[in-house]
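What follows is each chain in one-letter form.
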Amino acid sequence: MAGNTYGNSFKITTFGESHGEAVGVIVDGVTPGIELDEQYIQTQMDRRKPGQSSVTTPRKEYDVIRILSGMFEGKTTGTPLFIMLHNTDMKPEAYNDIQNSFRPGHADFTYLKKYGIRDHRGSGRASGRETAARVAGGAVARKLLEDRGISVLAYTKEIGGIKCETYIEDQIEKNAVRACDPEAALRMIEKIEHLASMGDSCGGIVECRIRGVLPGIGEPVFDKLDAELAKAMLSIGAVKGIEFGAGFAAAVMLGSEHNDEMSKSGFLSNNAGGIVGGISTGEEIVFRLAVKPTSSISLPQHTIDIHGQEKMIETIGRHDPCICPRIIPVVEAMACIVVEDLIKRQAAMFG
Ligand SMILES: Cc1cc2nc3c(=O)[nH]c(=O)nc-3n(C[C@H](O)[C@H](O)[C@H](O)COP(=O)(O)O)c2cc1C
């Protein structure tokens, strides 16, 4: 019913609000006997946390995780893992000015319409803060996938119209925007800093590659691998579109160009992005996401208050001028959860 849980055989439930006491995740369906420590999960948390560079929000969420259940002597027991993160550096008073108004592009209006309650502190469940819990859950899935030889990597492909022209994998985590082209990264950073100084924001394109998934994973017809990835990705705030492989370019390709021909040694191309009929082909799974410009900007914009009166609003506060760099660990986390879930469902099929 309530939409706070994702997955079937490997399942996460996230809880908590951005300005409440804590956020966290309950992970169920974890294989017993897996060696896991808090530091492994913490490494992923540190990649998502704010305040990492001049192009992310200066908020200081230390994101220190605690595993409260599901472990014994450094190994998973197979019972639910409960992972908790206390919120720090909360400044609910920073939201006093907007307590009776709706920020354009944010979820204030729609949450009030749905729940009938206006909790103006931060953005509640619609905050990027909720995704910290997903990264913790995703780290558990990542560990299980690593043991199967599967890797998941996301990176920035484009920001504010500046495109990556090369792909240098070992440079991705070395630049502040996590771009695969270090030269383009410099121009992206310059653009974000300039827009932030003007009180504005920008979006971009994030690409994700999943390697090592054997052919045969995915549950037709409603739980296709691509359908599940699309749902998981679109559940992340600010993600507005997804395309697999050749994606939207397929619309103007000929069948003879788009078909991935086959030989004894495998597929000769990967326009399908590693998924056909909702099932993995064994090729690399590739998808791209459109990430919208951050809605919280300090330029004046037209809005209404909770009484329907028109007014101007400026969102003063600590926000990401571009969400791409911080969304990347979240994209990887959700991809890990989807793949681990579908692998477990495949295994269950053969008893
Ligand atoms: C990691 C992450 C950080 C985010 N940071 C901000 C932020 O600082 N300011 C903001 O307005 N939105 C931020 N967002 C986006 C909002 O959560 C999102 O726009 C909002 O929930 C409305 O949902 P929608 O854009 O998908 O419609 C962030 C999202 C993520 C995943």
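Calculation rules
Residues numbered from 1 in each chain as written. Predicted model: local features only at pLDDT ≥ 70, side-chain atom pairs only at ≥ 80, totals over all residues. Heavy atoms only, no water. Helix = DSSP H or I, 4+ residues; strand = E, 2+ residues; numbered from the N terminus. Rg over C-alpha atoms; globule rule 2.2 N^0.38 Å. Areas by Shrake-Rupley, 256 points an atom, 1.4 Å probe, with all protein chains shown as cover. Lys, Arg positive; Asp, Glu negative; His and termini not counted. Charge placed at Lys NZ, Arg CZ, Asp CG, Glu CD. Axes fitted to C-alpha atoms, helices over the stretch in contact; angles between N-to-C directions. Left-handed = near helix turned anticlockwise from the far one by under 90°. Contact = heavy atoms within 4.5 Å. Nonpolar A, V, L, I, M, F, W, Y, C, P; charged D, E, K, R; others polar. Phe/Tyr/Trp six-rings, centres within 6.5 Å; stacked < 30°, edge-to-face > 60°. Buried < 20%, exposed > 50% of the residue type's maximum accessible area, 1.4 Å probe, protein only. Lys NZ or Arg CZ within 6 Å of the ring centre and 35° of its normal. Near = heavy atom within 4 Å. Polar contact = N/O pair within 3.5 Å; in protein donor to acceptor, adjacent residues only side chain to side chain. Pairing = 2+ DSSP bridges. Expected span 1.5 Å × (residues − 1). Arc of directions from axis to C-beta.

## What to know about the overall build of the protein
For step 1, the next point in the chain: When helices and strands are counted, the protein shows seven helices and 18 strands.
For step 2, the next point in the chain: Computed over the C-alpha atoms, the radius of gyration of the protein is 21 Å, within 12% of the 20 Å expected from 2.2 N^0.38 for a compact globule of 351 residues.
For step 3, the next point in the chain: Reported as C-alpha extents along the three principal axes, the dimensions of the protein are approximately 65 × 50 × 35 Å.
For step 4, the next point in the chain: For the protein, the accessible surface area stands at approximately 16600 Å², while carbon and sulfur atoms represent 55% of it.
For step 5, the next point in the chain: For the protein, the distance from the average position of its 39 positive side-chain charges to the average position of its 46 negative side-chain charges is 3 Å.

## Some thoughts on the packing of helix 5 (residues 225-234) against helix 7 (residues 324-349)
For step 1, the next point in the chain: In contact at an axis separation of 9 Å, helix 5 and helix 7 are set at 145° when each is read in the N-to-C sense. For the pair helix 5 and helix 7, the crossing hand works out as right-handed. Only V331, M334, A335, V338 and L342 of helix 7 make contact with helix 5, whose side of the interface consists of L225, E228, L229, A232 and M233.
For step 2, the next point in the chain: A breakdown of the residues in the contact of helix 5 with helix 7 according to their chemical character gives nine nonpolar, no polar and one charged.

## Considerations on the packing of aromatic side chains
For step 1, the next point in the chain: Throughout the structure, instances matching the rule amount to five aromatic pairs.
For step 2, the next point in the chain: Aromatic side chains F102 and F109 sit 5.3 Å apart centroid to centroid with 85° between the ring planes, which places their arrangement in the edge-to-face category.
For step 3, the next point in the chain: Classification of F102 by relative accessible area gives buried; the value is 6%.
For step 4, the next point in the chain: Taking NZ or CZ as reference, K114 lies 5.4 Å from the ring centre of Y115, over its face.
For step 5, the next point in the chain: The residue whose ring lies beneath R209 is Y167, and the NZ or CZ to ring-centre distance is 4.4 Å.

## Focus on the site of the ligand
For step 1, the next point in the chain: Close contacts around the ligand come from 17 residues, with A126, A238, K292, S296 and D320 the closest.
For step 2, the next point in the chain: Separating an oxygen atom of the ligand from a backbone N or O atom of A126 is a distance of 2.7 Å.
For step 3, the next point in the chain: Within the contact set of the ligand, an oxygen atom lies 3.1 Å away from a side-chain nitrogen or oxygen of K240.
For step 4, the next point in the chain: For the ligand, whose unbound accessible area comes to 630 Å², protein coverage reaches 89%.
For step 5, the next point in the chain: Along the lines of polarity and charge, the residues of the shell around the ligand split into five nonpolar, eight polar and four charged.

## Re the sheet that holds strand 2 (residues 11-16)
Strand pairing in a sheet is mediated by backbone hydrogen bonds. Such pairs are either parallel or antiparallel.
For step 1, the next point in the chain: Reading across from one edge, 1-2-3-7-4 is the order of the five strands in this open sheet, with antiparallel pairing throughout. The open sheet is flanked by strand 1 (5-6) and strand 4 (65-69), the only strands paired with a single partner.
For step 2, the next point in the chain: Bridge count for strand 2 against strand 3 (residues 22-28) is six bridges, and the pairing is antiparallel. From the neighbouring strand, K11 faces strand 3, where its bridge partner is D28.

## Re helix 4 (residues 182-197)
For step 1, the next point in the chain: Its 16 residues give helix 4 an end-to-end C-alpha distance of 23 Å, which sits within 8% of 22 Å, the value for a rise of 1.5 Å per residue.
For step 2, the next point in the chain: Every buried residue of helix 4 is listed here: A184, A185, M188, I189, I192 and L195. Down the axis of helix 4, the smallest arc covering the buried residues is 145°, so these residues share one side. Looking at helix 4, the residues exposed on the side facing more than 90 degrees away from the buried face are L186, E190 and S197.
For step 3, the next point in the chain: Residues of helix 4 that are buried make contact with strand 8 (151-159) and strand 9 (162-163).
For step 4, the next point in the chain: Backbone geometry just after helix 4 places G199 at a positive phi near 85°.

## Quick word on the environment of V331
For step 1, the next point in the chain: With respect to the helices and strands, V331 occurs in helix 7.
For step 2, the next point in the chain: Given a relative accessible area of 0%, V331 falls into the buried group.
For step 3, the next point in the chain: For the pair V331 and L229, spaced 102 residues apart in sequence, the C-alpha to C-alpha distance is 9.8 Å.
For step 4, the next point in the chain: Apart from residues no more than four positions distant in its own chain, V331 is found in contact with A154, V206, C208, M233, I236, F287 and L289.

## Brief notes about the side chain of D108
For step 1, the next point in the chain: When you line up the elements, D108 lands in helix 2 (residues 108-115).
For step 2, the next point in the chain: Residue classification places D108 among the buried positions, given a relative accessible area of 6%.
For step 3, the next point in the chain: In this view, D108 contacts S101, F102, R103 and R118; residues no more than four positions away in its chain are not counted.

## Points about the pairing of strand 17 (residues 301-304)
For step 1, the next point in the chain: Where strand 17 lies against strand 18 (residues 310-313), four bridges are found, and the strand directions are antiparallel. Bridge pairing in strand 18 links H302 to M312.
For step 2, the next point in the chain: Where strand 17 folds back onto strand 18 in an antiparallel hairpin, the turn is made up of five residues, including G308, whose phi is positive at roughly 85°.

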